[in-house]
Amino acid sequence: MIFIGEKINGTRKKVAAAIKDRNSDLIRQLAVEQTEAGSAYLDINAGTAPSREPEDMVWLIGNVQAVTDLPICLDSANPRALRAGLEIVHNTPIINSLSGEKARLEGVLPLALEYGAHLIILALDDVVGIPDTSSGRMEIIKRLTGMALKGGLAEDQLYVDPLVTAISTGTENGTLTLETIRAVKKAYPAAHITSGLSNISYGMPLRGIINRTFLAMCVASGLDSVIADPNDRALLETTMAAEMLMGRDRFCMGFNKAYRAGRIGPQAK
Ligand code: THG
């Protein structure tokens, strides 16, 4: 599982305050703890102030790269913030994200091609928003994937996000995402499939159990990456069990090793 650590996100209150106060310690601590938990990438979102976003992004990346070698997932819709980040990252990043919205097609796609970055593709545009059928989502995904491939990105540089909407607002919202994952996997076997997932439980009690169960179902459908909290032990346990059961853990070595290292199972005191 390709874990993209989600915690350095300016829409979170603690992180927003740290950005405002230039509190490096909090940001560095989040980078270290997500690195030690086994993240493959660290998502960085500088938050909502568009005028300050480029400099805030640069400040965040500087702090993260001071304590970890992990590549970064640049989480922004702002082409200026993305370019500022692309200029200073040490390793090939993921750009999060391209959608079918005109502004992103014009502002984000050229950056991904210019820098040869990995790219998250969202199944939405500014004509229909998020389509409420799998075929509608696939239509957008195919359009965007086609443009990225034609521009020179390799299929395995793409991370398709099928998008998750709350099960509390639509009985079929879970199966819609699962169906889309299977369709992406079939159309683009080398592409990665990632998602934020926690939207599934919005408005519901016991969000953790809903998120974990859905994660296991998404893994069974072909999801191989997740934007989540890598320090969420129960989520990691479910992820590792699901991948093992799907035949992605030879001789169950990953699961056993994680258990012996105390990364899953009863917490050592
Ligand atoms: N797809 C893509 N990118 C994304 C998302 C997605 N980026 C943002 C988001 N969704 C994933 N990132 C986060 C980061 C933090 C939190 C949730 C998702 C989070 N939420 C707290 C909670 O759920 O309890 C509340 C916020 C807080 O801590 O203040 O921490 O889907 N491509």
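Remember, predicted model here, so these are calculated numbers, not experimental data.

### Some points on the pattern of salt bridges
Thought 1: Evaluation of the coordinates by the stated rule reveals nine salt bridges.
Thought 2: Among the ionic pairs, D229 bridges to K7, the shortest N-O distance being 3.1 Å. Residue D229 is found in the loop between strand 8 (225-228) and helix 10 (233-245), and its partner K7 is found in strand 1 (residues 2-9); the two are separated by 222 residues along the sequence.
Thought 3: Its relative accessible area of 22% is what places D229 among the partly exposed residues.
Thought 4: Between E114 and R83 there is a salt bridge, with the nearest N and O atoms lying 3.2 Å from each other. With E114 in helix 6 (residues 109-115) and R83 in helix 4 (residues 79-88), this pair connects stretches of sequence that are 31 residues apart.

### Focus: the site of the ligand
Thought 1: With respect to spatial proximity, the complete set of residues near the ligand consists of E6, N9, R12, K13, D75, N96, I120, L122, D161, G196 and I227.
Thought 2: In the environment of the ligand, a nitrogen atom lies 3.0 Å from a nitrogen or oxygen atom belonging to the side chain of D75.
Thought 3: Between the ligand and N96, the relevant distance is 2.9 Å, taken from a nitrogen atom to a side-chain nitrogen or oxygen of the residue.
Thought 4: Summarising the interface, the protein chains cover 60% of the accessible area of the ligand, which totals 660 Å² for the free molecule.
Thought 5: Going through the elements one at a time, strand 1 and strand 5 (118-122) are the ones with two or more residues in the shell around the ligand.
Thought 6: Here the shell around the ligand is built from residues that sort into three nonpolar, three polar and five charged.

### Focus: helix 10
Counting along an α-helix, one turn takes 3.6 residues, and residues three or four places apart therefore face a common direction.
Thought 1: A rise of 1.5 Å per residue sets the reference length of helix 10, with its 13 residues, at 18 Å; its end C-alpha atoms lie 18 Å apart and thus fit the reference within 8%.
Thought 2: Among all positions of helix 10, only R233, L235, L236, T239, M240, A242, E243 and M244 are buried.
Thought 3: Its side-chain oxygen 3.3 Å from the backbone nitrogen of A234, D232 forms the N-cap of helix 10.
Thought 4: Phi turns positive one or two residues past the end of helix 10, at G247, with a value near 80 degrees.

### Some points on the pairing of strand 1
Thought 1: Taken across its eight residues, strand 1 has seven buried, putting it largely inside the fold.
Thought 2: Strand direction decides the pairing type here: strand 1 and strand 8, joined by four bridges, are parallel. Looking at the pairing, F3 lines up with V226 of strand 8.
Thought 3: With four bridges connecting them, strand 1 and strand 2 (residues 41-45) associate as parallel partners. Residue pairing in the sheet places I8 in a bridge with I44 of strand 2.

### Structural notes on the packing of helix 2 (residues 24-36) against helix 3 (residues 53-67)
Thought 1: As a packed pair, helix 2 and helix 3 sit with axes 9 Å apart at the nearest point and diverge in direction by 55 degrees. In terms of their interaxial angle, helix 2 and helix 3 are classed as oblique. Helix 3 is crossed by helix 2, and the crossing has right-handed handedness. Contacts between helix 2 and helix 3 involve S24, I27, R28, A31 and V32 from the first element and W59, L60, N63, V64, A66 and V67 from the second.
Thought 2: Tallied by class, residues from the contact of helix 2 with helix 3 come to eight nonpolar, two polar and one charged.

Definitions and limits used
- Within each chain, residue numbers correspond to sequence positions counted from 1 in written order.
- A pLDDT threshold of at least 70 governs which residues receive local features in this predicted model, and a stricter bar of 80 or more applies before side-chain atom pairs are shown or counted, although totals over entire chains, interfaces and linings include all residues.
- Side-chain measures here rest on the full set of heavy atoms in the structure, leaving out hydrogens and waters.
- Each salt bridge in this description consists of a side-chain nitrogen of Lys or Arg and a carboxyl oxygen of Asp or Glu lying within 4 Å of one another.
- Runs of E in the DSSP output that reach at least two residues are strands. Runs of H or I that reach at least four are helices, and both are numbered from the N terminus.
- Here the term buried applies to any residue with accessible area under 20% of the maximum for its type, exposed to any over 50%, and partly exposed to those in between, with areas from a 1.4 Å probe on protein chains only.
- We define proximity as follows: a residue is near a molecule or strand when any one of its heavy atoms falls within 4 Å of that partner.
- Polar contacts, as counted here, are pairs of nitrogen or oxygen atoms within 3.5 Å of one another; within protein the pair requires one atom able to donate a hydrogen and one able to accept it, and residues that are adjacent in sequence qualify only if both atoms are side-chain atoms.
- For every accessible area listed, the method is Shrake-Rupley and the probe measures 1.4 Å; residues are considered covered only by the protein chains on display.
- Classes in brief: Ala, Val, Leu, Ile, Met, Phe, Trp, Tyr, Cys and Pro nonpolar; Asp, Glu, Lys and Arg charged; the others, Gly included, polar.
- Each helix should span, by expectation, one fewer than its residue count multiplied by 1.5 Å.
- At least two DSSP bridges between two strands are needed for those strands to be called paired.
- Axis definition: a line fitted to C-alpha atoms, limited for helices to the stretch in contact. Angles are taken between N-to-C directions and run from 0 to 180 degrees.
- Working definition: roughly parallel below 35 degrees, roughly antiparallel above 145 degrees, roughly perpendicular at 65 to 115 degrees, and oblique for all remaining angles.
- A clockwise turn of the near helix away from the far one marks a right-handed crossing, whereas an anticlockwise turn of less than a right angle marks a left-handed crossing.
- The contact rule is simple, with two residues in contact once any of their heavy atoms fall within 4.5 Å.

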